[in-house]
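# A structural walkthrough
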Amino acid sequence: MIARPAPRALFALLAVCSAGCAGEDAAALVVVGLATDMAVGFEIRHVERTTKVDGVVARAERLSYERGELSLPAELAAQPAHDGAVVEVSVAAFRDGDASPLVTRTAATRAVGGRTLLLPVSLDAACSAVSCAAGATCAAGACVDPFIEPSALAEHDPTWIASASDACKSPGSGDPAVVIGQGERAFAPLERGEVVPIEPGPQGGHHVWLALRVTGLRQMGSRLTVGGHFPELALELLPFTALVTLRRAGDAGCEIHGIRFQVDRGVPVASVRGRALDVEVVLEDPDGDVGTAAQQVVIAP
């Protein structure tokens, strides 16, 4: 199971204004909204981004999933700019170990005094095999002009994240749905009343390996809660929670496997062998959408 902290934004929103404005002109604000329909942590491991203001590099950095710096969608704060300045952002996304980027994207606009602009930048899977001529960038699989007139941009609204591109959640993915399966290294279906093996854990106790198949919830930053109840023993197992990162599973939606759930916490393992266990799962994403599931299994004798 992969669990990572999932901040709502990589950087706090930064109001940008020219050094010489000194309160005389309304601030020119530009917020970069970075999103992707690829699975962060699996298809994308790190991104490199460069911000230029009027052609001068103002910021360059590398954001790594391993270091907990890369969580998408997110807002990237722009550098200080004056009214009329051209703000350009270039982003390159890399797979694990690759020297060349999987996808690159450039977007630019002109800062406008008194406005807070949202400059959308998407890293699209459809662009992974597209090569554009100099001066163009790929968006949704097509080469386009990276410059967007400020009149075509919306005012910044932090709720844009709820409808941003995502590997596991889209307007067409429907209501949140979670299916409980089993598996340490892959998802396997689980029938009601199916006998499941248990294993000794590295720190004592015995556990079952659970897996989930998920649709309609964010790929990153969802909070997983797993609980259980042995009806024959009138025994409630203490739930555990974790922030999780899902992986894409083709037409099946997204998945997570390798969820270790201890079944003998506070009781002898012999007392739960051969007993029915009701498993309950709650998965809540950063937008507040919730998927739930329940399944009954039987612990192997």
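Preceding this section is the structure that the text describes.
Report on the accompanying structure. Chains are numbered independently. Their residues run from 1 in the order of the written sequence. Where totals are concerned, whole chains, interfaces and linings use all residues; where local detail is concerned, this predicted model gives features only for residues with pLDDT of at least 70, and gives and counts side-chain atom pairs only at 80 or more. The side-chain quantities take in all heavy atoms of the structure and omit both hydrogens and water.

## Some thoughts on the side chain of Gln 219
For clarity, the threshold we go by: Helix and strand definitions here come from DSSP, where helices need a minimum of 4 consecutive H or I residues and strands a minimum of 2 consecutive E residues; each element is numbered from the N-terminal end. The term polar contact refers here to a pair of N or O atoms within 3.5 Å; inside protein, the definition further demands a hydrogen-donor-capable atom paired with an acceptor-capable atom, and it admits residues adjacent in sequence only when both atoms are side-chain atoms. Residue contacts are counted whenever heavy atoms from the two residues lie within 4.5 Å of one another.
With respect to the helices and strands, Gln 219 occurs in the loop between β13 (206–215) and β14 (220–230). A distance of 2.8 Å separates a polar atom in the side chain of Gln 219 from the backbone oxygen of Leu 246. The residues contacting Gln 219, other than those within four sequence positions of it, are Met 38, Ala 39, Val 40, Phe 42, Asp 166, Ala 167, Cys 168, Val 244, Thr 245 and Leu 246.

## A closer look at the pattern of salt bridges
This is how the line gets drawn: What counts as a salt bridge is simple: a side-chain nitrogen of Lys or Arg found within 4 Å of a carboxyl oxygen of Asp or Glu. Each residue is assigned to one of three classes by its accessible area relative to the maximum for its type, calculated with a 1.4 Å probe on protein chains only: buried under 20%, partly exposed between the two thresholds, exposed over 50%.
Scanning the model with the defined rule gives 16 salt bridges in all. The partner of Glu 155 in a salt bridge is Arg 115, with the nearest N and O atoms 2.5 Å apart. Residue Glu 155 is located in the loop between β9 (142–144) and β10 (177–182), and its partner Arg 115 is located in the loop between β6 (103–110) and β7 (116–123); the two are separated by 40 residues in the primary sequence. Residues Arg 218 and Asp 287 are paired through a salt bridge, measuring 3.1 Å at the closest nitrogen-oxygen approach. Here Arg 218 is found in the loop between β13 and β14, whereas its partner Asp 287 is found in the loop between β18 (276–284) and β19 (290–299), with 69 residues between them in sequence. A residue is classified by how much of its surface remains accessible, and Asp 287, at 25% relative accessible area, is partly exposed. Ionic contacts of the salt-bridge type, sharing partners, join the residues Asp 166, Lys 169, Arg 218, Asp 285, Asp 287 and Asp 289 into one network.

## Here's the deal with the pairing of β14
Definition in use: Two strands form a pair only when DSSP identifies at least two bridges running between them.
In terms of burial, β14 is a largely internal element, eight of the 11 residues being buried. In the sheet, β14 pairs with strand β15 (residues 235–245) via nine bridges, with the strands oriented antiparallel. Paired with Phe 230 across the two strands is Leu 235, which belongs to β15. Between the end of β14 and the start of β15, which pair antiparallel, lie four residues, with Ala 234 showing a positive phi angle near 50°. Pairing geometry for β14 and β18, over seven bridges, is antiparallel. Counterpart to Leu 224 in the pairing with β18 is Leu 283.

## Description of the packing of aromatic side chains
Geometry of an aromatic ring pair is reported as the spacing of the ring centres plus the angle between the planes. Formally: Working definition: a ring pair exists when centres of Phe, Tyr or Trp rings (six-membered ring for Trp) sit within 6.5 Å. Plane angles under 30 degrees give stacked, over 60 give edge-to-face, the rest tilted.
Counting across every chain of the model gives one aromatic pair. An angle of 40° between the planes, with centres 6.2 Å apart, marks the rings of Phe 240 and Phe 261 as tilted. One end of the pair, Phe 240, is in strand β15; the other, Phe 261, is in strand β17 (residues 254–262), and 21 residues separate them in sequence. This pair shows no difference in class: Phe 240 is buried, exactly as Phe 261 is.

## Observations concerning the sheet that holds β6
Short version of the rule: Only the stretch in contact is used when fitting a helix axis, every axis being a line fitted to C-alpha atoms; angles between N-to-C directions are given from 0 to 180 degrees.
With antiparallel pairing, four strands are arranged side by side in an open sheet as β3-β2-β5-β6. Across the chains shown, the open sheet's two edge strands, defined by having one partner strand only, are β3 (56–64) and β6. Across this sheet, the average inter-strand angle for adjacent strands is 15°, counted without regard to direction. Across eight bridges, the pairing between strand β2 (residues 46–53) and strand β5 (residues 86–94) is antiparallel. Its bridge partner lying in β5, Val 47 is registered against Ala 93.

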